[in-house]
Amino acid sequence: MSPSAAEPAHTPISVLLCDDHAVERAGLLALLSNAPGIEVIGEARNGEEAVALAAALRPDVVLMDLQLGSGSDGVQATRRITRPDGPGSPHGPYSPHVLVLTTYDTDADIARALEAGAAGHLLKAEPPEELFAAIRAAAEGRSTLAAPVAHRVLAQMRSPRPTLTDQELDILHRLARGLSIREIARALSASEATVRTHLDRIYDQLGVNSRTAAVSVAREQRLLP
């Protein structure tokens, strides 16, 4: 075959790794070095480095851990990378895709990551082929969710959301800030008995029996920030 008839070489998908554990980064680097069509062009140890390197190196995909120790977590970094005026601004020629790769798969973390603009959520326990496929999908602008994650997200979308009144949501927000029943009653100019009545209904709607569980479930249901 003549040079002119040869097929053009495909540019590899450029990937930026973000993980605060050096051993994890080294393992991913070794794994991805054997993946055809994928090239790691940078490594970040925290959210701030990920944002800076995304702007400087302009990777196709940012492989992002969520638990990054001190400083910005993976969700905050994802939001900054994918925001309209960030490195991935849709108004410019460059638009990176963030693929979350974590050990944990709590509903709250998944929801936060997707709301921040992540193209997908994958578990570190997935087989290498799944990771390679997810990176290629992300580079093409397609979403990928690990099977257990996808099932839970769909179930959550299909289940009815709790219906709380504005006053009950207000009480829930005050609970999340650590206020006591007495403090909430004073702030609302209501009796403690009235606040307890509202709390009973909040617990019933959320299917919990304690304030700690109520705040946790409310965050998972995106009733609280």
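In this convention, every chain numbers its residues from 1, walking through the sequence in written order. Side-chain atom pairs in this predicted model are given and counted only at pLDDT of 80 or more, local residue features only at pLDDT of at least 70, and totals for whole chains, interfaces and linings cover all residues. Processing note: side-chain calculations cover all non-hydrogen atoms of the structure and skip hydrogens and water entirely.

(A) Region of interest: the nonpolar core. Put simply, buried Ala, Val, Leu, Ile, Met, Phe, Trp, Tyr and Cys residues joined by side-chain atoms within 4.5 Å make one nonpolar core. Buried means the residue's accessible area, taken with a 1.4 Å probe over protein chains only, is under 20% of the maximum for its type, while exposed means over 50%, and partly exposed covers the values in between. Core analysis: the largest hydrophobic core is formed by 20 residues, its most contacted members being Val-15, Leu-32, Ile-38, Val-61, Leu-63, Leu-131 and Ile-135. Secondary structure is summarised from DSSP: a helix means a run of H or I of at least four residues, a strand means a run of E of at least two, and numbering begins at the N terminus for each. Residue assignment for this core shows that the elements contributing at least two residues are β1 (13-18), α1 (22-32), β3 (61-64), β4 (97-102), β5 (120-123) and α5 (128-139). It is α5 that provides the largest number of residues to this core, a total of five residues. Apart from residues no more than four positions distant in its own chain, Val-15 is found in contact with Leu-32, Ile-38, Glu-39, Val-40, Ile-41, Gly-42, Pro-59, Val-61, Leu-63 and Ile-135. If you look at the next biggest cluster of nonpolar residues, it comprises 19 residues, including Leu-164, Leu-179, Ala-185 and Ile-202. Any two residues whose heavy atoms approach within 4.5 Å are treated as being in contact.

(B) The arrangement of empty space enclosed by the protein in detail. Here the term cavity refers to a set of points on a 1 Å grid, laid over the protein atoms alone, in which a 1.4 Å probe fits but cannot get out; the term pocket refers to an open set having protein on both sides within 12 Å along at least five of seven lines, with lining residues being those that place an atom within 4 Å of a point. Grid points are joined across faces, edges and corners, and a volume is the space filled by probe spheres set on the points. Overall, the coordinates contain one cavity of 30 Å³ or more when judged by the stated rule. Size it by volume and the largest cavity reaches roughly 40 Å³. Along its surface, the largest cavity is lined by Leu-17, Cys-18, Asp-19, Leu-28, Leu-63, Asp-65, Leu-101 and Lys-124. Under the convention adopted here, Pro, Cys and the residues Ala, Val, Leu, Ile, Met, Phe, Trp and Tyr are nonpolar, Asp, Glu, Lys and Arg are charged, and Gly plus all remaining residues are polar. Split into classes, the residues belonging to the lining of the largest cavity amount to five nonpolar, no polar and three charged.

(C) Structural context of helix α2 (residues 47-57). Listed as buried for α2 are Gly-47, Ala-50, Val-51 and Ala-54. For α2, the angular spread of buried residues about the axis comes to 100°, placing them on one side. Elements that come into contact with the buried residues of α2 comprise β1, β2 (38-44), β3 and α3 (74-82). At the N-terminal boundary of α2, the capping side chain belongs to Asn-46, with an oxygen 3.2 Å from the backbone nitrogen of Glu-48. Remark: Arg-58 follows α2 within two positions and exhibits a positive phi of approximately 55°. The arc refers to the directions leading from the helix axis to the C-beta atoms. Polar contacts here mean pairs of N or O atoms no more than 3.5 Å apart (in protein, one a potential hydrogen donor and the other a potential acceptor; neighbouring residues in sequence count only if both atoms are side-chain atoms).

(D) Local environment of the packing of helix α7 (residues 166-176) against helix α8 (residues 181-188). Relative orientation of the contacting elements α7 and α8 amounts to 135°, with a least axis distance of 10 Å. Comparing their axes, α8 and α7 come out oblique. Read as a crossing pair, α7 and α8 show a hand that is right-handed. Touching Gln-167, Asp-170, Ile-171, Arg-174 and Leu-175 of α7 are Ile-184, Ala-187 and Leu-188, all from α8. In the contact of α7 with α8, the residues fall into five nonpolar, one polar and two charged. In this description, a line fitted to the C-alpha atoms serves as the axis of each element, helices being fitted only across the stretch in contact, and the angle between N-to-C directions of two axes falls anywhere from 0 to 180 degrees. When an angle is under 35 degrees it counts as roughly parallel; over 145 it counts as roughly antiparallel; between 65 and 115 it counts as roughly perpendicular; any other value is oblique. Throughout, a crossing is termed right-handed when the near helix is turned clockwise from the far one, and left-handed when it is turned anticlockwise from it by less than a right angle.

(E) Spatial organisation of the pairing of β1. Among the six residues in β1, six count as buried, and that is most of the element. Residue alternation in β1 divides its side chains into two sets, Ile-13, Val-15 and Leu-17 and Ser-14, Leu-16 and Cys-18, and both sets are buried. For two strands to be treated as a pair, DSSP must find at least two bridges joining them. Pairing of β1 with β2 involves six bridges; the strand directions are parallel. Looking across to β2, one finds that Cys-18 is bridged to Ala-44. If you view a crossover with the strands going away from you and the path from the first strand over the helix to the second runs clockwise, you call it right-handed. Crossover connection from β1 via α1 to parallel β2: handedness right-handed. Bridging between β1 and β3 involves four bridges; their strand directions are parallel. Within β3, the position partnered with Cys-18 by the bridge is Met-64.

(F) Molecular detail of the side chain of Thr-102. Relative to the elements of secondary structure, Thr-102 occurs in strand β4. Contacts of Thr-102, omitting those with residues within four sequence positions, involve Asp-65, Leu-66, His-121, Leu-122, Leu-123 and Lys-124.

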